[in-house]
Amino acid sequence: MDKKPLIYFLCTGNSCRSQIADGFLKALGGDRFEVKSAGLEAHGLNPRAVQVMKEEGVDISQHTSDVIDPELLNRADYVITLCGHADEHCPVISNKNVVKWHWGFDDPAKATGTEEEIMNSFRAVRDLIKLRIERFLLEGK
């Protein structure tokens, strides 16, 4: 069997956006790809990200918040950063065949206001990431 392309989602803390992208790609196209996510640091899985993904029927509660693995980074077919900080500080990738994209999304963990307002920020980012994943699956970009 052919090797599945490795998609590596990167963010600053691997707590929200990269976890959401990881969850959606595994749910919507996991049979086509090997999917991993990591951060420049490991901030722990954000419970609000878990909750908004559960609303979509995607369980990310068993995901772990991981630091970028150089071996995975250098064997990835696609490296996709989801925040400007990760894009600017991504380690050097020695794999010259990697496709590196930046899909920037606001950090819902920085949202302020009532709990409902904060959750709505998480939902808005979740929905934008889902649309971007669906586009990737349709168009390959």
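Owing to the predicted nature of the structure, the values given are computational and were not obtained by experimental measurement.

Draft legend 1. Highlighting helix α2 (residues 47–55). Considered for burial, the residues of α2 that qualify are A49, V50, V52 and M53. Residues of α2 that are buried make contact with α1 (17–29) and α5 (115–139). Measuring from the side-chain oxygen of the N-cap residue of α2 to the backbone nitrogen of R48 gives 2.8 Å; that N-cap residue is N46. G57 lies just past α2 and shows a positive phi near 80 degrees.

Draft legend 2. Seen up close, the packing of aromatic side chains. Per the counting criterion, the structure on display carries seven aromatic pairs. Ring geometry for F9 and W103: centres 6.1 Å apart, planes at 55 degrees, overall tilted. Here F9 is found in strand β1 (residues 6–11), whereas its partner W103 is found in the loop between β4 (99–102) and α5, with 94 residues between them in sequence. With respect to class, F9 is no different from W103; both count as buried. Of the aromatic side chains, those joined through ring pairs into one cluster are F9, F33, Y78, W101, W103 and F136.

Draft legend 3. Just the packing of α2 against α5, in detail. Relative orientation of the contacting elements α2 and α5 amounts to 65 degrees, with a least axis distance of 10 Å. Where α2 crosses over α5, the two elements pack in a sense that is right-handed. In contact with R48, A49, Q51, V52, M53 and E55 of α2, α5 contributes E115, I118, M119, F122, R123 and R126. Class assignment for the residues of the contact of α2 with α5 results in six nonpolar, one polar and five charged.

Draft legend 4. Quick peek at the confidence of the model for the chain. Counting all residues, the mean pLDDT for the chain is 91, and 99% of those residues have values of 70 or more. Within the chain, the element-level pLDDT minimum falls on helix α4 (residues 84–89), averaging 76, and the maximum on α2, averaging 98.

Draft legend 5. Broad picture of the pairing of β4. Relative to β4, strand β3 (residues 78–81) runs parallel, the two being bridged by four bridges. By the bridge assignment, V79 is partnered in β4 with K100. The β-α-β motif built from β3, the intervening α4 and the parallel element β4 has right-handed crossover chirality.

Draft legend 6. Quick look at the packing of α1 against α5. Between α1 and α5, whose axes approach to 9 Å, the crossing angle comes to 45 degrees. Between α1 and α5, the angle falls in the class oblique. When the axes of α1 and α5 are compared, the crossing they make is right-handed. The segment α1 lies against α5, with R17, I20, A21, F24, L25, L28 and G29 engaging V125, R126, I129, K130, I133, E134, F136 and L137. Of the residues assigned to the contact of α1 with α5, the class counts are 10 nonpolar, one polar and four charged.

Thresholds applied
Residues numbered from 1 in each chain as written. Predicted model: local features only at pLDDT ≥ 70, side-chain atom pairs only at ≥ 80, totals over all residues. Heavy atoms only, no water. Buried < 20%, exposed > 50% of the residue type's maximum accessible area, 1.4 Å probe, protein only. Helix = DSSP H or I, 4+ residues; strand = E, 2+ residues; numbered from the N terminus. Contact = heavy atoms within 4.5 Å. Polar contact = N/O pair within 3.5 Å; in protein donor to acceptor, adjacent residues only side chain to side chain. Phe/Tyr/Trp six-rings, centres within 6.5 Å; stacked < 30°, edge-to-face > 60°. Axes fitted to C-alpha atoms, helices over the stretch in contact; angles between N-to-C directions. Left-handed = near helix turned anticlockwise from the far one by under 90°. Nonpolar A, V, L, I, M, F, W, Y, C, P; charged D, E, K, R; others polar. pLDDT = per-residue confidence, 0-100. Pairing = 2+ DSSP bridges. Right-handed = clockwise from strand over helix to strand, strands pointing away. Parallel < 35°, antiparallel > 145°, perpendicular 65-115°, else oblique.

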